[in-house]
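# Chain and residue survey
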Amino acid sequence: MESIDSLRAILHEIRPQLIKCIHDKKVKEYIEQYEQLHDGKKPNRKKIDDFNNILIAQKISVEEARTFIGTLQEIPNYIEEVLAQAPDIEQLTKRMINANNAFFIGRGLDYTLCMEGALKLKEISYIHAEAYAAGELKHGTIALVSEGVPVIAAATQKHVYSKVISNIREVKARGAYVILLSKDKEITDPSICDVHINLPDVSDEFTIFESVVIFQLIAYYTSVGKGLNPDQPRNLAKSVTVE
């Protein structure tokens, strides 16, 4: 949440518990409690980002909490596995550095992730990138898909997996350069994508931690490949305090 959004909510007597790395003294003045996330300074605002500091609170049983925490504690190990694929990510972005457009598609939680991926790519590579709900492609969006356009597809949610694969076939049939993220060890039909990125097999709700690292690496290497400085994205402010 940007500073101006936080302030507006607080001044309208909405009392959120701000769980973020708060460096803005103005926000601190208006709240009674906050939690400081010790994620250090953020020279590269794309690599160390508030997006990675999400806390989802809900009422769960003690046993569910233990399972949740146990899986959460394993996430750093899974992320290490993902980071080991960095050289492969760098190679695939060579097909993206000259692209004018790029599209991210997914369903459910993956769609939310895709919005973050598109944002990162446009912010530091200046490529026009958009995220679309995969199930809505046929409602006009698919008209934007042309020969060679990069489409990054996330298919990590089991309950909609087959539907996302069907959507991927649609964009591939129209000439898209498809990068697929999934938990599959092997793709049974290699023709559905140009590049497959395998994610460690964790519960669906935790795959977002792995996937977002892949998306951040795609944005980073695309930026570097274009000769840009990902640490100094143009036109961006550290804190948004005006409407």
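Residues numbered from 1 in each chain as written. Predicted model: local features only at pLDDT ≥ 70, side-chain atom pairs only at ≥ 80, totals over all residues. Heavy atoms only, no water.

Attention now goes to the overall build of the chain. Along its length, the chain carries seven helices and seven strands. In the chain, the succession of α and β elements from N to C terminus is α-β-α-β-α-α-β-α-β-β-α-β-β-α. Buried positions account for 44% of the 243 residues belonging to the chain. Once local pairs closer than 6 in sequence are excluded, the contacts in the chain between residues at least 24 apart make up 66%. Total accessible area on the chain is roughly 13,700 Å²; 51% of this is exposed by carbon and sulfur atoms. (Helix = DSSP H or I, 4+ residues; strand = E, 2+ residues; numbered from the N terminus. Buried < 20%, exposed > 50% of the residue type's maximum accessible area, 1.4 Å probe, protein only. Contact = heavy atoms within 4.5 Å. Areas by Shrake-Rupley, 256 points an atom, 1.4 Å probe, with all protein chains shown as cover.)

Here we have five strands laid out as an open sheet, ordered 4-3-5-6-7, and parallel in their pairing. Edge positions in the open sheet fall to strand 4 (128–133) and strand 7 (195–198), since each of these has one partner strand only. Within this sheet the neighbouring strands show an average axis-to-axis angle of 20 degrees, counted without direction. Relative to strand 6 (residues 177–182), strand 5 (residues 150–155) runs parallel, the two being bridged by six bridges. In the sheet register, Ala153 faces strand 6, and the bridge partner there is Leu180. (Pairing = 2+ DSSP bridges. Axes fitted to C-alpha atoms, helices over the stretch in contact; angles between N-to-C directions.)

Scanning all chains against the criterion turns up five aromatic pairs. Relative to Phe206, the ring of Phe68 has its centre 5.2 Å away and its plane inclined at 45 degrees; by these criteria the two rings are tilted. Of the two residues, Phe68 sits in helix 3 (residues 62–83) while Phe206 sits in the loop between strand 7 and helix 7 (207–225), which places them 138 residues apart along the sequence. A ring pair is formed by Phe206 and Phe209, whose centres lie 6.5 Å apart and whose planes are at 25 degrees; its orientation type is stacked. Using a relative accessible area of 3% as the deciding quantity, one classes Phe206 as buried. Among the aromatic residues, those joined into a cluster by ring pairs are Phe68, Phe206 and Phe209. The residue whose ring lies beneath Arg234 is Tyr126, and the NZ or CZ to ring-centre distance is 3.8 Å. (Phe/Tyr/Trp six-rings, centres within 6.5 Å; stacked < 30°, edge-to-face > 60°. Lys NZ or Arg CZ within 6 Å of the ring centre and 35° of its normal.)

So, about empty space enclosed by the protein. By rolling a water-sized probe across the atoms, one finds the places where empty space is left. Taken as a whole, this structure holds one cavity of 30 Å³ or more when the rule is applied. Here the largest cavity defines a volume of roughly 30 Å³. What lines the largest cavity is Phe103, Ile105, Tyr132, Leu137, Thr141, Val145, Val151 and Val171. The residue inventory of the lining of the largest cavity, partitioned by class, reads seven nonpolar, one polar and no charged. (1 Å grid on protein atoms, 1.4 Å probe; cavity = no way out; pocket = protein on both sides within 12 Å on 5 of 7 lines; lining within 4 Å. Points joined across faces, edges and corners; volume = space filled by probe spheres on them. Nonpolar A, V, L, I, M, F, W, Y, C, P; charged D, E, K, R; others polar.)

This next bit is on the confidence of the model for the chain. Detailed conclusions should not be drawn from predicted coordinates in areas where pLDDT is low. Counting all residues, the mean pLDDT for the chain is 82, and 73% of those residues have values of 70 or more. Overall, residues 15–22 carries pLDDT values under 50, and its contacts beyond four positions in sequence, including any with other chains, amount to 27 contacts. (pLDDT = per-residue confidence, 0-100.)

Next up on the list: the side chain of Ser125. Within the secondary structure, Ser125 sits in helix 5 (residues 109–125). For Ser125, the side chain forms a polar contact with the main-chain oxygen of Leu121, separated by 2.5 Å. Beyond its immediate sequence surroundings of up to four residues, Ser125 is in contact with Thr222, Ser223, Lys226 and Leu228. (Polar contact = N/O pair within 3.5 Å; in protein donor to acceptor, adjacent residues only side chain to side chain.)

A word on the pattern of salt bridges. Per the counting criterion, the structure on display carries eight salt bridges. One salt bridge in this structure joins Lys120 and Glu116, with 2.5 Å as the shortest N-O distance. With Lys120 and Glu116 both in helix 5 and four residues apart, this pair spans about one turn of that helix. Under the relative-accessibility criterion, Glu116 is labelled buried at 9%. A single network of salt bridges, built from pairs that share partners, joins Lys138, Glu170 and Arg174. (Salt bridge = Lys/Arg side-chain N within 4 Å of Asp/Glu carboxyl O.)

What follows concerns the packing of helix 5 against helix 7. It is the contact of helix 5 with helix 7, at a shortest axis distance of 9 Å, that shows an interaxial angle of 20 degrees. The orientation of helix 5 with respect to helix 7, classified from their angle, is roughly parallel. As for how helix 5 packs across helix 7, the hand of that crossing is right-handed. Residues Leu109, Leu113, Cys114, Glu116, Gly117, Lys120, Leu121, Ile124 and Ser125 of helix 5 form the contact with helix 7, whose participating residues are Ile208, Ser211, Val212, Phe215, Ile218, Ala219, Tyr220, Thr222 and Ser223. Tallied by class, residues from the contact of helix 5 with helix 7 come to 11 nonpolar, five polar and two charged. (Parallel < 35°, antiparallel > 145°, perpendicular 65-115°, else oblique. Left-handed = near helix turned anticlockwise from the far one by under 90°.)

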